[in-house]
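# Summary of the model geometry
The residues making up each chain are set out below.
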Amino acid sequence: MKTTSKAKHTVLFLSAILTLSALAVFTSADCIYPTEPADFDVVVDGFAYEGEVLSVKDTAYVSLREFACMADNSVVWWEEDEAAAYVRTDSLDLRAPEDEFYIEANGRMLWCEYGVFTENDILYIPLGKAAKAFGFDTTYVYEDNTTYLTRERGAVVSAEDYYDETDVYWLSKIIHAEAQGEPFRGKLAVGNVILNRVESEEFPDTVYDVIFDNDHGVQFTPTVNGAIDQEPNEDSVIAAKLCLDDAVLNEHMLYFLNERIAGSLWIPQNCKFVMAIGDHTFYS
């Protein structure tokens, strides 16, 4: 990521932007949520956080620029052609794409359930994800109605040191094979099923072994019809990394199917319905 002269001017422009008004509405992807001032305090390493904190469906949001400048000697700029904000510090490279449901920090994909959005030319991200990216531990104390951020490291551990490449490879391939035409949350849900099975005593212990498990018959059709050999698209890779990081839609889902084309209805007849996304229904 290079800071061009245009980008530097953008930094100055962002620094001059006024804060958000008391009540607003933002659009992130296909979702619309109201925003309002947060009703709790934020303390960072013993000092009150002076930036704006908004609440979106009980999730705290902060201005990326304000938080970055508070946390570190940061360079912040906006790339118009990508509709994304960038932050660079000595230990962090961060990208926050507008109207997406994630931020990228040192190659890690961090799930933003209610999206990344702009209002009055200010880009907002969840406080918890900002804290994680910049290396803070986060604790909410109910009695104080306060969220405490404590600096533990310079920035989030990099993707190279965090992700298992084999897990990313196979998880992205099964997500693409099963859900390439599904909404993004549907891709996450498929990834959740795989990782929930890895954690379950009823299934094998690795992503690869779960995908190719056939002890009780073929578990995933793409492993026998050749679809697993397709190259995953970017969304499938992002979804895989999000699931391997912190994106959990439901920790109990173990099964899914498209009832219109399923060869068997054993799953809906014997398992508990959890949710429906796109053409897939998910069960525990």
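A brief structural summary. (Residues numbered from 1 in each chain as written. Predicted model: local features only at pLDDT ≥ 70, side-chain atom pairs only at ≥ 80, totals over all residues. Heavy atoms only, no water.)

### Notes on the sheet that holds strand 11 (residues 108-111)
Put simply, the rule is: Should DSSP find at least two bridges between two strands, the strands are taken to pair. Helix and strand labels come from DSSP, where a helix needs a run of H or I of at least four residues and a strand needs a run of E of at least two; each type is numbered from the N terminus. Fitting a line to C-alpha atoms yields each axis, with helices limited to the stretch in contact; the angle taken between N-to-C directions then spans 0 to 180 degrees. In what follows, a contact means two residues having at least one pair of non-hydrogen atoms within 4.5 Å.
Taken in spatial order, the five strands make up an open sheet running 7-8-9-10-11, and their pairing is antiparallel. On the outer flanks of this sheet lie strand 7 (75-79) and strand 11, each paired with one strand and no other. If you compare each strand with its neighbour and ignore which way they point, the axes differ by 20 degrees on average. Pairing geometry for strand 9 (residues 93-97) and strand 10 (residues 102-105), over two bridges, is antiparallel. Along strand 10, the bridge assignment pairs arginine 95 with glutamate 104. Across the face of the sheet, helix 9 (residues 234-245) comes into contact with strand 10 and strand 11 while running at roughly 75 degrees to strand 11.

### Comments concerning the environment of valine 141
Rules: Accessibility here uses a 1.4 Å probe with only protein chains present; expressed as a share of the type maximum, an area under 20% marks a residue as buried, one over 50% as exposed, and anything in between as partly exposed.
Relative to the helices and strands, valine 141 is located in strand 14 (residues 136-141). Residue valine 141 is classed as partly exposed on the basis of its relative accessible area of 24%. Excluding residues within four positions of it along the chain, valine 141 makes contact with Thr146 and Tyr148.

### Observations concerning the packing of aromatic side chains
Defined as follows: Two aromatic rings from Phe, Tyr or Trp, using only the six-membered ring of Trp, form a pair when their centres are within 6.5 Å; if the ring planes differ by under 30 degrees the pair is stacked, by over 60 it is edge-to-face, and anything between is tilted. Whether a charge sits over a ring comes down to the Lys NZ or Arg CZ being within 6 Å of the ring centre and within 35 degrees of the ring normal.
Scanning the entire structure with this criterion turns up 19 aromatic pairs. For the ring pair phenylalanine 67 and phenylalanine 136, a centre distance of 5.9 Å and an interplane angle of 75 degrees mean the geometry is edge-to-face. One end of the pair, phenylalanine 67, is in helix 2 (residues 64-71); the other, phenylalanine 136, is in strand 14, and 69 residues separate them in sequence. Of note, arginine 108 hangs over the ring of tyrosine 162, and the distance from its end group to the ring centre comes to 3.6 Å.

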